[in-house]
Amino acid sequence: MLQTKSSSQAIPLDVQQVVKKYPQGGTVVHALDGVSLSVEPGEFVAIMGASGSGKSTLLHAMAGLIDVDAGRVLVAGQDLSQLADGPLTRFRRDNLGIVFQAYNLIPSLSAEDNIRLPAPKSLGKQLDATVDELFERFGMTARRHHKPGALSGGEQQRIAIARALICNPTILLADEPTGSLDSVTGTQICELLRDLVDNQGRSIVMVTHEPHVAMWADRICVLKDGTNLAELQTDGRRDPQTVAQQYQEALGAETVA
Ligand SMILES: Nc1ncnc2c1ncn2[C@@H]1O[C@H](COP(=O)(O)OP(=O)(O)OP(=O)(O)O)[C@@H](O)[C@H]1O
Ligand SMILES: [Mg+2]
């Protein structure tokens, strides 16, 4: 049975006062301006905020896909800035699962080969068992040999999530994972993510614009202009109206993105 890594005592994710600046025209955009966020084992955190508030930049910083200008990102206690390119790539493979809105599957490979792609061959028979378990858990066994073009959006996202889990990561990071899906299929993906937290003790960070998606998380971190604006508790209510209202209150007079 695929279980989360339990050897490390460190919390899965600790973002400390992270700053990321981009030059734009003659000025500098502070995409992140001192953001902090930590995620406990078995916690599901959503990140909300208006377009341009820094959500994707934060997720990319958590994944070590961009260098930050100040602050630290620790994954399972490891400061990502202390790793050179090669070790960072291996660390990312072993500790971080990343899912994007656009699935990013390889079209010429079957669903199964897409899932297997990041896994080191040294896993051998253990890898076969993990692949079987993921297909079973995600209800995708009958689609195993299909290529992405023959799968629905929801099925492709399931395969992308399975691929992100193949190395048993410490934390799963998802950037608008339901953003390309209709609401029924999006809800199925949310249920699947929730199940990974509730029944496997996984830790998840998910970026979303949608209250009916964010409500699946335990806690919602609201960003504004690259800073922490508010933290909302969902208390397991799964109530989109309450989340939308809390979010709007947090944003004050601003229009909801
Ligand atoms: N590679 C880059 N080069 C220059 N500016 C960037 C880059 N990436 C992001 N930015 C800027 O940083 C800010 C935050 O961008 P980011 O993509 O994190 O926003 P977001 O909250 O994910 O928005 P959206 O909801 O539209 O996806 C924006 O002002 C954006 O223009
Ligand atoms: Mg974004």
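Residues numbered from 1 in each chain as written. Chains lettered and ligands numbered in written order. Predicted model: local features only at pLDDT ≥ 70, side-chain atom pairs only at ≥ 80, totals over all residues. Heavy atoms only, no water.

- An unreviewed UniProt entry annotates the protein as Putative ABC transporter ATP-binding protein of Rosistilla ulvae.
- Recorded in UniProt under Sequence similarities (unreviewed entry), the annotation for the protein is "Belongs to the ABC transporter superfamily. Macrolide exporter (TC 3.A.1.122) family." (UniProt positions renumbered as here; feature names shortened; annotations may be inferred.)

## Some words on the overall build of the protein
Phase 1 of the analysis: Looking only at helices and strands, the protein features eight helices and 10 strands.
Phase 2 of the analysis: What you see for the protein is a C-alpha radius of gyration of 18 Å, in line with the 18 Å of a compact globule of 257 residues.
Phase 3 of the analysis: Summarising its shape, the C-alpha atoms of the protein cover approximately 50 × 45 × 40 Å along the three principal directions.
Phase 4 of the analysis: Classification of the 257 residues of the protein by burial places 48% in the buried group.
Phase 5 of the analysis: In the protein, 70% of the contacts between residues at least 6 apart in sequence involve partners at least 24 apart.
Phase 6 of the analysis: When the accessible surface of the protein is totalled, it reaches about 11500 Å², and 48% of it is carbon and sulfur. (Helix = DSSP H or I, 4+ residues; strand = E, 2+ residues; numbered from the N terminus. Rg over C-alpha atoms; globule rule 2.2 N^0.38 Å. Buried < 20%, exposed > 50% of the residue type's maximum accessible area, 1.4 Å probe, protein only. Contact = heavy atoms within 4.5 Å. Areas by Shrake-Rupley, 256 points an atom, 1.4 Å probe, with all protein chains shown as cover.)

## Topic: the site of ligand 1
Phase 1 of the analysis: Near ligand 1 you find 13 residues, and of these Ser 51, Gly 52, Lys 55, Ser 56 and Thr 57 are the closest.
Phase 2 of the analysis: The side chain of Gln 24 places a nitrogen or oxygen atom 3.1 Å from a nitrogen atom of ligand 1.
Phase 3 of the analysis: One nitrogen or oxygen atom from the side chain of Ser 51 is found 2.5 Å from an oxygen atom belonging to ligand 1.
Phase 4 of the analysis: When isolated, ligand 1 has an accessible area of 640 Å², and the protein chains bury 64% of it.
Phase 5 of the analysis: Elements supplying a minimum of two residues to the shell around ligand 1: β1 (13–24), β2 (27–39) and α1 (55–62).
Phase 6 of the analysis: Here the shell around ligand 1 gets three residues from one element, more than from any other, and that element is α1.
Phase 7 of the analysis: Split into classes, the residues belonging to the shell around ligand 1 amount to four nonpolar, eight polar and one charged. (Near = heavy atom within 4 Å. Polar contact = N/O pair within 3.5 Å; in protein donor to acceptor, adjacent residues only side chain to side chain. Nonpolar A, V, L, I, M, F, W, Y, C, P; charged D, E, K, R; others polar.)

## Considering the pattern of salt bridges
Phase 1 of the analysis: Inspection of every chain in the model, using the stated rule, returns 13 salt bridges.
Phase 2 of the analysis: With a shortest N-O distance of 3.1 Å, Arg 219 and Glu 231 are connected by a salt bridge. Residue Arg 219 is located in strand β9 (residues 219–224), and its partner Glu 231 is located in strand β10 (residues 227–233); the two are separated by 12 residues in the primary sequence.
Phase 3 of the analysis: Overall, the relative accessible area of 42% leaves Glu 231 in the partly exposed class. (Salt bridge = Lys/Arg side-chain N within 4 Å of Asp/Glu carboxyl O.)

## Observations concerning the side chain of Gln 156
Phase 1 of the analysis: Relative to the elements of secondary structure, Gln 156 occurs in helix α5 (residues 153–165).
Phase 2 of the analysis: Judged by its relative accessible area of 16%, Gln 156 falls in the buried class.
Phase 3 of the analysis: Those residues in contact with Gln 156 that sit more than four places away from it in its chain are Tyr 103, Leu 105, Pro 148 and Leu 151.

## Quick word on the environment of Thr 234
Phase 1 of the analysis: Along the chain, Thr 234 turns up in the loop between β10 and α8 (240–251).
Phase 2 of the analysis: Between the C-alpha atom of Thr 234 and that of Asn 114, which follows or precedes it by 120 residues, the distance is 34 Å.
Phase 3 of the analysis: Sequence-distant contacts of Thr 234, defined by excluding residues within four places in its chain, comprise Ala 214, Met 215, Ala 217, Asp 218, Arg 219, Ile 220 and Val 243.
Phase 4 of the analysis: Side-chain polar atoms of Thr 234 contact the backbone oxygen of Asp 218, separated by 3.3 Å.

## A look at the sheet that holds β10
Phase 1 of the analysis: Spatially, the six strands line up as an open sheet ordered β6-β7-β8-β3-β9-β10, and their pairing is mixed. Edge positions in the sheet fall to β6 (96–100) and β10, since each has one partner strand and no second. Strand-to-strand twist across the sheet, computed as the mean angle between neighbouring axes with direction ignored, equals 20°.
Phase 2 of the analysis: Direction of pairing for strand β3 (residues 44–49) relative to strand β8 (residues 203–207): parallel, over a ladder of four bridges. Within β8, the position partnered with Phe 44 by the bridge is Ile 204.
Phase 3 of the analysis: Strands β3, β6, β7 (171–175), β8 and β9 of the sheet are contacted by α1, whose axis makes an angle of about 150° with β7.
Phase 4 of the analysis: Against the sheet, helix α6 (residues 183–200) makes contact with β3, β7 and β8, and its axis sits at roughly 155° relative to β8, the strand it touches most. (Pairing = 2+ DSSP bridges. Axes fitted to C-alpha atoms, helices over the stretch in contact; angles between N-to-C directions.)

## Some thoughts on the environment of Leu 229
Phase 1 of the analysis: Structurally, Leu 229 is set in strand β10.
Phase 2 of the analysis: Using a relative accessible area of 33% as the deciding quantity, one classes Leu 229 as partly exposed.
Phase 3 of the analysis: Beyond its immediate chain neighbours, meaning those up to four positions away, Leu 229 contacts Val 222, Leu 223, Lys 224, Ala 250 and Leu 251.

## Concerning the sheet that holds strand β5 (residues 78–79)
Phase 1 of the analysis: Spatially, β2-β1-β4-β5 is the arrangement adopted by the four strands of the open sheet, whose pairing is antiparallel. Of all strands in the sheet, those with a lone pairing partner are β2 and β5, marking the two edges.
Phase 2 of the analysis: Bridge analysis of β1 against strand β4 (residues 70–75) gives five bridges, and the strand direction is antiparallel. Residue pairing across strands places Val 15 opposite Val 73, the latter belonging to β4.
Phase 3 of the analysis: Its contacts with the sheet put α1 on β1, β2 and β4, and the angle it makes with β2 is roughly 60°.

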